[in-house]
Amino acid sequence: MFGLTTIYVDPKKKHDQIVKLSDGSYGVMKPKKEKAGIAYQFNFTNHMHPGFIMKHKPVNGDVENVHSIDGKQTFKIEWIS
């Protein structure tokens, strides 16, 4: 089990963006078109964080629980200005 990791997202960017995490590592958030609308794929450079898909637009304060082979990880979305 891991603690809460915050993902800092720029809400003004509508395309792929590099995101910073509260532990100092980085990742990429990519919007992807799906049948039900736009989903958001998160992938991280630090192998300790599993990639995941958010099936809705990220909202400031969202908390996502991700289950991986290493256990549950919790990510929080926070807007940057």
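Anyway, here's the lowdown on the structure attached to this text.

Calculation notes
- Residues take numbers from 1 onward in each chain, read along the sequence in its written order.
- Selection of residues for local features in this predicted model requires a pLDDT of at least 70, selection of side-chain atom pairs for listing and counting requires 80 or more, and totals for whole chains, interfaces and linings are taken over all residues.
- By convention in this description, side-chain values take in all heavy atoms of the structure and omit both hydrogens and water.
- Only DSSP runs of H or I covering at least 4 residues are called helices, and only runs of E covering at least 2 are called strands; the numbering of each starts at the N terminus.
- Here the radius of gyration uses the C-alpha set of atoms, whereas the globule reference equals 2.2 Å times the residue count to the power 0.38.
- Exposure classes here rest on a 1.4 Å probe applied to the protein chains alone. A residue is buried below 20% of its type maximum, exposed above 50%, and partly exposed in between.
- In this description, strands pair whenever DSSP reports at least two bridges between them.
- To obtain an axis, a line is fitted to C-alpha atoms, over the contacting stretch when the element is a helix, and the angle between two such axes runs from 0 to 180 degrees between their N-to-C directions.
- Only four residue types enter the tally: Lys and Arg on the positive side, Asp and Glu on the negative side, with His and both chain ends excluded.
- Put simply, a salt bridge is a Lys or Arg side-chain nitrogen that is within 4 Å of an Asp or Glu carboxyl oxygen.
- Should any heavy atoms of two residues lie within 4.5 Å, those residues are considered in contact.

With that settled, the discussion passes to the overall build of the protein. Secondary structure assignment for the protein yields zero helices and seven strands. N-terminal to C-terminal, the α/β element order of the protein is β-β-β-β-β-β-β. In terms of overall size, the protein behaves like a compact globule, its C-alpha atoms giving a radius of gyration of 12 Å where 81 residues would be expected to give roughly 12 Å. With respect to the principal axes defined by its C-alpha atoms, the protein has extents near 30 × 30 × 20 Å. Out of the 81 residues in the protein, the part that is buried amounts to 35%.

So, about the sheet that holds strand β3 (residues 26–34). Ordered by their spatial adjacency, seven strands build an open sheet running β5-β4-β3-β2-β1-β7-β6, and the pairing between neighbours is mixed. Edge positions in the sheet fall to β5 (52–54) and β6 (63–68), since each of these pairs with one other strand and no more. For this sheet, the mean inter-axis angle between neighbouring strands, taken without regard to orientation, is 35°. Relative to β3, strand β2 (residues 17–21) runs antiparallel, the two sharing four bridges. Across the sheet, Ile-18 pairs through a bridge with Val-28, a residue of β3.

Mapped onto the elements, Glu-64 comes out in strand β6. Although buried, Glu-64 forms no salt bridge, and the nearest oppositely charged side chain, Lys-55, lies 10 Å from it. Ignoring sequence-local partners within four residues, the contact set of Glu-64 consists of Phe-52, Met-54, His-56, Gln-73, Thr-74 and Phe-75.

This is a description of form; function is not addressed.
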